[in-house]
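Okay, here's what each chain looks like letter by letter:
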Amino acid sequence: MQSLRFALQPTITDLSVKWNLPRGAAVTVLSPPITAIFQGQRSIIYGQLTGENLEAAEGCVTVKYTLAGHLTENKQHFSLKPAEDTGLTVHRLGARTLIRSLEMEVKSDGQQAEGVKEKVVGVSVQSGVSSAFTAFIAVNKGNGETVQGPLMRRHVPAPSMMGMAGLRMHAACPPMALRCGPPSHLILRGACGPPAPFMAMNACGPPAPFMAMNVCSVQRRKRSEVESLEEEEVPRDPLLQLVSLQKASGSWVMEPALAAVLGKTIEEVEKQKPAQVTQEVWATILALIWLHGFKMDARVEWELLVMKAVSWLRAQKAPCGAEFVEAGNALLGCKVQKDSLGI
């Protein structure tokens, strides 16, 4: 649904980013070129600035693009004076962006893969950001030497599960083994081969046997029990039920199925209906309030159908004032504002 919403937006063309810096300053863009920008999303560009004696200078970055035939230009001015006590978070985010971009080059260009790999390793070790060609290794804080010795494997028993005929499950192996002695700190180094062996160790060992036991128990059930299970109705998601009740016009009608999704009876919904609105308008307002009040985590899924419902309400030229939204909030127990509904 999110991809469909983006596809319905006007296309941005002629996108360009220009850096205007004073003499003696330079920028190395770490991010790949931006090919598309969608409304409601951010596109982040990281650039590495270099130069000396630029504390009093100022730079500017200009973004130009064409949207629906109109040329738009945005400028952002910034100071070249380094900020104090900002840490290395932004630097590492920039390094991560550069590393991911270089890793894509390795996959697409096999001829220059070795040279790009060396650059990835260099950036990764310098910045402390992991990559596909580096791995964190344990180093002893006392002498600075790499921690040596074989990995130790421990079996950690888990409590028995109910209804499993006394079967006891054990962890096949821990994701990472611990070594005797004081803990050590981790550093990043270039490594040949896979980054670390613990992934393979985590995958070793047979799967837990309860799946096979569960299948056998199902096979031993009587035919009548299996048939009764098949006849049971699977509970439906209220969101899917609400979507299925929307008409092609974008509205909802007042019916018991809609009231059930709202958690009310049809009598309760009709009793709270303001006298100035029709049942179809009232049902549509309640559906919008319910989506904004209880299903904001699934907004990507219902955003387009809400736009259709709002368009239908506007076409009806029906009264949709704040008092009607408040009546819907009182019925459903929500605190949705009229402006957030778009009506």
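The paragraphs below set out a description of the structure included in this document.

Quick notes on the rules
Residues numbered from 1 in each chain as written. Predicted model: local features only at pLDDT ≥ 70, side-chain atom pairs only at ≥ 80, totals over all residues. Heavy atoms only, no water. Pairing = 2+ DSSP bridges. Helix = DSSP H or I, 4+ residues; strand = E, 2+ residues; numbered from the N terminus. Axes fitted to C-alpha atoms, helices over the stretch in contact; angles between N-to-C directions. Phe/Tyr/Trp six-rings, centres within 6.5 Å; stacked < 30°, edge-to-face > 60°. Buried < 20%, exposed > 50% of the residue type's maximum accessible area, 1.4 Å probe, protein only. Salt bridge = Lys/Arg side-chain N within 4 Å of Asp/Glu carboxyl O. Parallel < 35°, antiparallel > 145°, perpendicular 65-115°, else oblique. Left-handed = near helix turned anticlockwise from the far one by under 90°. Contact = heavy atoms within 4.5 Å. Nonpolar A, V, L, I, M, F, W, Y, C, P; charged D, E, K, R; others polar. Arc of directions from axis to C-beta. Expected span 1.5 Å × (residues − 1).

## So, the sheet that holds strand E4 (residues 58-67)
So, step 1. On the basis of which strands lie adjacent, the open sheet formed by three strands has the order E1-E4-E5 and antiparallel pairing. Each end of this open sheet is capped by a strand with a single partner; those strands are strand E1 (12-20) and strand E5 (70-79). Strand after strand, the sheet turns through a mean of 15° between neighbouring axes, direction not considered.
So, step 2. Bridging between E4 and E5 involves ten bridges; their strand directions are antiparallel. What sits directly across from Tyr65, in E5, is Thr72.

## Quick notes on the packing of aromatic side chains
So, step 1. Following the criterion strictly, the structure yields three aromatic pairs and no others.
So, step 2. Ring geometry for Trp19 and Phe78: centres 6.2 Å apart, planes at 75°, overall edge-to-face. With Trp19 in strand E1 and Phe78 in strand E5, this residue pair connects regions lying 59 residues apart in the sequence.
So, step 3. Trp19 sits in the partly exposed class, given a relative accessible area of 24%.
So, step 4. With a centroid separation of 6.3 Å and an interplanar angle of 40°, the aromatic rings of Trp290 and Phe294 are classed as tilted. Of the two residues, Trp290 and Phe294 are both situated in helix H10 (residues 279-294); the distance of four residues between them amounts to about one turn of the helix.

## Overview of the pattern of salt bridges
So, step 1. This model, assessed by the stated rule, comprises six salt bridges.
So, step 2. Two residues, Arg5 and Glu303, come together in a salt bridge whose shortest N-O distance is 3.0 Å. A residue pair is termed long-range when its members are at least 10 positions apart, and Arg5 in helix H1 (residues 2-7) and Glu303 in helix H11 (residues 299-316) qualify at 298 residues. Glu303 carries the same exposure label as Arg5, and that label is buried.
So, step 3. Linking Glu73 and Lys75 is a salt bridge whose minimum nitrogen-to-oxygen distance equals 3.8 Å.
So, step 4. Counted as one network, the salt bridges with shared partners bring together Arg5, Arg299 and Glu303.

## Digging into the packing of H10 against helix H12 (residues 322-332)
So, step 1. One way to put it is that H10 packs onto H12 with a least axis distance of 10 Å and a crossing angle of 60°. The angle between H10 and H12 falls in the class oblique. In the crossing of H10 with H12, the sense of the turn from one axis to the other is right-handed. Here H10 contributes Trp282, Ile285, Leu286, Ile289, Trp290 and Phe294 to the contact with H12, which in turn contributes Phe324, Val325, Ala327, Gly328, Asn329, Leu331 and Leu332.
So, step 2. Taken together, the residues that form the contact of H10 with H12 break down as eleven nonpolar, two polar and no charged.

## A word on H12
So, step 1. For H12, the full list of buried residues reads Phe324, Val325, Gly328, Asn329, Leu331 and Leu332. Each buried residue of H12 sits inside an arc of 165° when the element is viewed along its axis, so together they form one side. Relative to its buried face, H12 has exposed residues pointing more than 90 degrees away, namely Glu323 and Ala330.
So, step 2. Next to the buried residues of H12 lie helix H9 (266-271), H10 and helix H13 (338-341).

## Quick word on H10
So, step 1. Under the 1.5 Å per step criterion, the end-to-end length of H10 is 22 Å for 16 residues, consistent within 8% with the ideal 22 Å.
So, step 2. The buried fraction of H10 amounts to twelve of the 16 residues, a majority that puts the element mostly inside the structure.
So, step 3. Taken together, the buried positions of H10 are Val281, Trp282, Ala283, Thr284, Ile285, Leu286, Ala287, Leu288, Ile289, Trp290, Leu291 and His292.
So, step 4. Lining the buried residues of H10 we find helix H7 (238-245), helix H8 (256-261), H9, H11, H12 and H13.

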